[in-house]
Amino acid sequence: QVQLVESGGGLVQAGGSLRLSCAASGRTFSSYAMGWFRQAPGKEREFVAAIRRSGGSTYYADSVKGRFTISRDNAKNTVYLQMNSLKPEDTAVYYCAAAPTAFINPHEYDYWGQGTQVTVSS
């Protein structure tokens, strides 16, 4: 079992930055690839970024590539999402999730956090 708790969301102006954190419980954090997803009102949950168990490989949606950076600290059982150059279309609830490997499909993830709201004003 892995429990995930996101933090760091908030209201920011377009062009600003936020860093999301996702703290995991349990001793098996390093056994899981981690992903960030987001869901805007009326839209399906979409892939944002993922990172392999060791942190050696990362993957991004085209819409955030070059602006967002996923990283992890296995010693702290935490995964991060640094978001720069934020746009109003980045507004959504952001979720972290854990999976055996770094999938893009959210249905492949076994554990989910409760989400944190990110709102970008224009």
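Keep in mind that what you see is a predicted model, and the values were worked out from it rather than measured.

(A) A look at the pattern of salt bridges. The final tally for this structure, using the stated rule, is four salt bridges. Among the salt bridges present, the one from K65 reaches D62, with a minimum N-O distance of 3.2 Å. Between R67 and D90 there is a salt bridge whose closest N-O contact spans 2.8 Å. Residue R67 is found in the loop between strand 6 (58-60) and strand 7 (68-73), and its partner D90 is found in the loop between strand 8 (78-83) and strand 9 (92-99); the two are separated by 23 residues along the sequence. Given the relative accessible area of 11%, R67 is considered buried. Within this structure, R38, E46, R67 and D90 form a network of salt bridges that share partners.

(B) Broad picture of the nonpolar core. Counting residues in each nonpolar core, the largest one holds 38 residues, and the members touching the most others are L4, M34, W36, L81, M83 and Y94. Among the elements of the structure, strand 3 (18-24), strand 4 (33-39), strand 5 (46-51), strand 7, strand 8, strand 9 and strand 11 (116-121) are those that each provide at least two residues to this core. Considering every element that reaches this core, the biggest residue donor is strand 9, with six residues. Setting aside chain neighbours within four positions, we find L81 in contact with L18, R19, L20, W36, V48, A49, F68, T69, I70 and Y94.

(C) Fine view of the state of the cysteines. Within the structure shown, the criterion is met by one disulfide. Each sulfur in the disulfide pair C22 and C96 lies 1.9 Å from the other. A torsion of 50° about the S-S bond marks the disulfide between C22 and C96 as right-handed. Taken together, the residues C22 in strand 3 and C96 in strand 9 connect sequence positions 74 residues apart.

(D) Local environment of the sheet that holds strand 7. The sheet built from four strands is open, its strands ordered 1-3-8-7 with antiparallel pairing. Whereas interior strands pair on both sides, the edge strands pair on one side only; in this sheet they are strand 1 (4-7) and strand 7. Taken pair by pair, the neighbouring strands of this sheet meet at an average axis angle of 15°, ignoring direction. As judged from the six bridges shared by strand 3 and strand 8, these two strands associate in the antiparallel manner.

(E) How the structure looks around the side chain of R38. Secondary-structure assignment places R38 in strand 4. At 3.5 Å, the side chain of R38 forms a polar contact with the side chain of S63. At 2.9 Å, the side chain of R38 forms a polar contact with the side chain of Y94. In contact with R38, not counting residues within four places along its chain, are E44, R45, E46, V48, S63, V64, F68, E89, D90, A92, V93 and Y94.

(F) How the structure looks around the pairing of strand 5. Most of strand 5 sits inside the fold, with five of its six residues counted as buried. Relative to strand 5, strand 4 runs antiparallel, the two being bridged by five bridges. In the strand pairing of strand 5, W36 is matched with A49. Between strand 4 and strand 5, which pair antiparallel one after the other, the connecting turn spans six residues, and G42 there sits at a positive phi close to 80°. As paired strands, strand 5 and strand 6 are joined by three bridges and run antiparallel to one another. Bridging across to strand 6, I51 finds its partner in T58. Linkage of strand 5 to strand 6, two consecutive antiparallel strands, is achieved through a turn of six residues, within which G55 is found at a positive phi near 85°.

Cut-offs applied
- Residues numbered from 1 in each chain as written.
- Predicted model: local features only at pLDDT ≥ 70, side-chain atom pairs only at ≥ 80, totals over all residues.
- Heavy atoms only, no water.
- Salt bridge = Lys/Arg side-chain N within 4 Å of Asp/Glu carboxyl O.
- Helix = DSSP H or I, 4+ residues; strand = E, 2+ residues; numbered from the N terminus.
- Buried < 20%, exposed > 50% of the residue type's maximum accessible area, 1.4 Å probe, protein only.
- Core = buried A, V, L, I, M, F, W, Y, C linked by side-chain atoms within 4.5 Å.
- Contact = heavy atoms within 4.5 Å.
- Disulfide = S-S within 2.5 Å.
- Pairing = 2+ DSSP bridges.
- Axes fitted to C-alpha atoms, helices over the stretch in contact; angles between N-to-C directions.
- Polar contact = N/O pair within 3.5 Å; in protein donor to acceptor, adjacent residues only side chain to side chain.

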